[in-house]
Amino acid sequence: MNTKTALSGLLAIQLIIIAGLWWYAQNQSNSNLPQALLDIHWENVDKVTITSETGTVSLGQGQGQGQGQSKSKSKSKDDGEWQLLGDGLLAQSDKVNALLEKLEQLRVKWPVATNQTSHSRFEVDQKNAQRRIAIHSGENLLGEILIGSSPGLKQIHIRKAGSDQVYVVELELADIPPKTTDWLDRSLLAANNVGRIEGADFVLVKSGESWQLSHKSPSILKNQANPVTENQQEIENLLSSLKKLRVTGLVKDKPDLAEGHAVKLDVISGDNRWRYTFHENNGQHFVQRNDRDTLFTFAKSDYEEIAQSSQLIVDS
C-alpha cells in the first residue's frame, strides 16, 4: 500500500513538472513572437496629429461618423472622409488610411535600447524626435509614438511614449510627411457632372447629352449659326479644366489681388452652385471658390487653359 502511494505521488510530481515545463516553453515561445507596438482598437481611431519641427498637422474623420459611435474597421477605413482640422478642408483619406494601416501592422520583438539615456542618440526623445504621432478616439488618447533616426533603408527607430524601449521597424519618414499641404486633397475644388457654366461673355448649358451656348451682350459668339460645333474644342477644354482642377497649396497671407487679372465662372454641378475666381497676379496664380474662405495656389498651365478656353468661345 505504501509502495503504491509512493509511486502515485511520484507520478503526480512528474506530471506537475511536465506541465510546468510545457507552460514555461509555451510562455517562452510566445514571448519570442513579434508583438504589436500599439495595442489599441484601431476601428475607433478618428483623429491623428503629426508633430515635427515645422509644426503640427491635425487630421480628423468627417461628420459621417460621430465620436463614440460603434463602427466596424472596414467602414471606418473605407468610408470615413478625413479632414484637415482647423482648416475644415478635405484631406487625402486614402493616404491617412494607408498610414494607419502601416502603424497597425508594426510588430516589434527585441529592443535595440532599453534606457532613457539612449533616446536622444536615436532621436526618439521629446526634443529631437523627427515625428511625434498621437492617435485619438474623440478626446481619448489611444497611443503616441516618437519616430527618430534611420539605421538603414526603409527602417527607422521608434519608441512608444511612456516606454524606454527603442525598436527598429520597417517604416519611412516619407510615409509621414510633416506639412499640411502634403495631406491636402488637391482635387477638392474640382467640378464633376457640370450642367451649366456662365462666364463674363457666355452661358453654356447642358441639355440632355448636348450643350447649348448663348452669348451675353455686348460680345457675340463665334459662328452664331452653329456655335456649339464651332466652339466644341474650347467647350471640351473648359469642362476638362474644371474636372481635373488641382490646387497646389494654401495661401495663409492673402496678397492684394485687385491689380491682377481675374477670370470668373459661375458653375452649376448637381445641387451645387459655385462662383470660381481664377487670379493671375505678379506671376502667381490663385483660385478661390465662394463656398470656402481659403485662397489656393494652382498651376500656371491650368490658369492659361481656363482663361484661353473662356475667351475663345466669344469674339468681342
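Remember, it's a predicted structure, so these values are computed and weren't measured experimentally.

Chemist: What is the right way to look at the overall build of the protein in this model?
Modeler: When you go through the protein residue by residue, the secondary structure sums to seven helices and 20 strands. Per-residue burial over the protein gives 40% buried out of 316 residues. Put simply, of all contacts in the protein between residues at least 6 apart along the chain, 58% involve residues at least 24 apart. Put simply, the protein shows about 18000 Å² of open surface, and 46% of that area lies on carbon and sulfur atoms.

Chemist: It is not clear to me how the sheet that holds strand β16 (residues 261-269) should be interpreted in this structure. Could you clarify?
Modeler: The strands that make up a sheet pair up through hydrogen bonds in the backbone, lying either parallel or antiparallel. One open sheet holds the eight strands; their spatial order is β13-β12-β11-β16-β17-β18-β19-β15, and the pairing between them is antiparallel. This sheet does not close on itself; its edge strands, each paired only once, are β13 (210-215) and β15 (247-251). Neighbouring strand axes in the sheet, compared pairwise and without regard to direction, differ in orientation by 25° on average.

Chemist: Can you walk me through the packing of aromatic side chains in this structure?
Modeler: The relative placement of two aromatic rings is captured by the distance of their centres and the angle of their planes. All told, the structure shown has four aromatic pairs when counted by the stated rule. Ring centres of Trp-274 and Tyr-276 lie 6.3 Å apart, and the angle between their planes is 85°; on these two criteria the pair is classed as edge-to-face. When the centroid spacing of 5.7 Å and the interplanar angle of 0° are considered together, the rings of Tyr-276 and Phe-278 count as stacked. Each member of the pair Tyr-276 and Phe-278 is classed as buried. One aromatic cluster is present, built from ring pairs that chain together Trp-274, Tyr-276, Phe-278, Phe-298 and Tyr-303. The cationic tip of Arg-289 hangs over the ring face of Trp-274; the distance from NZ or CZ to the ring centre is 3.9 Å.

Chemist: Please explain the environment of Asp-39 as it appears in this structure.
Modeler: Inspection of the secondary structure puts Asp-39 in the loop between β1 (35-36) and β2 (47-52). Considered as a pair, Asp-39 and Leu-142 are 103 residues apart in the sequence and their alpha carbons are 8.9 Å apart.

Chemist: I tried to follow the sheet that holds strand β8 (residues 140-147) on my own but got confused; where do I start?
Modeler: Reading across the sheet, the eight strands line up as β5-β4-β3-β2-β7-β8-β9-β10 and stay open at both edges, with antiparallel pairing between neighbours. In this open sheet, the two edge strands, each paired with only one partner strand, are β5 (89-90) and β10 (166-170). In terms of strand pairing, β2 meets strand β7 (residues 131-137) through five bridges, oriented antiparallel. Following the sheet pairing, Lys-47 is matched in β7 by His-136. The sheet strands contacting helix α3 (residues 93-104) are β2, β3 (55-61), β4 (82-84), β7 and β8, and the helix crosses β4 at an angle near 105°.

Chemist: I'm lost on helix α7 (residues 300-312) in this one. Help?
Modeler: An α-helix turns once every 3.6 residues. As a result, residues three or four positions apart point the same way. Over its 13 residues, α7 runs 18 Å from end to end, which matches the ideal 18 Å to within 8%, given 1.5 Å per residue. Residues of α7 that are buried include every one of Asp-302, Tyr-303, Ile-306, Ala-307, Ser-309 and Ser-310, and no others. In an axial view of α7, the angular spread of the buried residues amounts to 165°, which keeps them on one side of the axis.

Conventions adopted
- Residues numbered from 1 in each chain as written.
- Predicted model: local features only at pLDDT ≥ 70, side-chain atom pairs only at ≥ 80, totals over all residues.
- Heavy atoms only, no water.
- Helix = DSSP H or I, 4+ residues; strand = E, 2+ residues; numbered from the N terminus.
- Buried < 20%, exposed > 50% of the residue type's maximum accessible area, 1.4 Å probe, protein only.
- Contact = heavy atoms within 4.5 Å.
- Areas by Shrake-Rupley, 256 points an atom, 1.4 Å probe, with all protein chains shown as cover.
- Pairing = 2+ DSSP bridges.
- Axes fitted to C-alpha atoms, helices over the stretch in contact; angles between N-to-C directions.
- Phe/Tyr/Trp six-rings, centres within 6.5 Å; stacked < 30°, edge-to-face > 60°.
- Lys NZ or Arg CZ within 6 Å of the ring centre and 35° of its normal.
- Expected span 1.5 Å × (residues − 1).
- Arc of directions from axis to C-beta.

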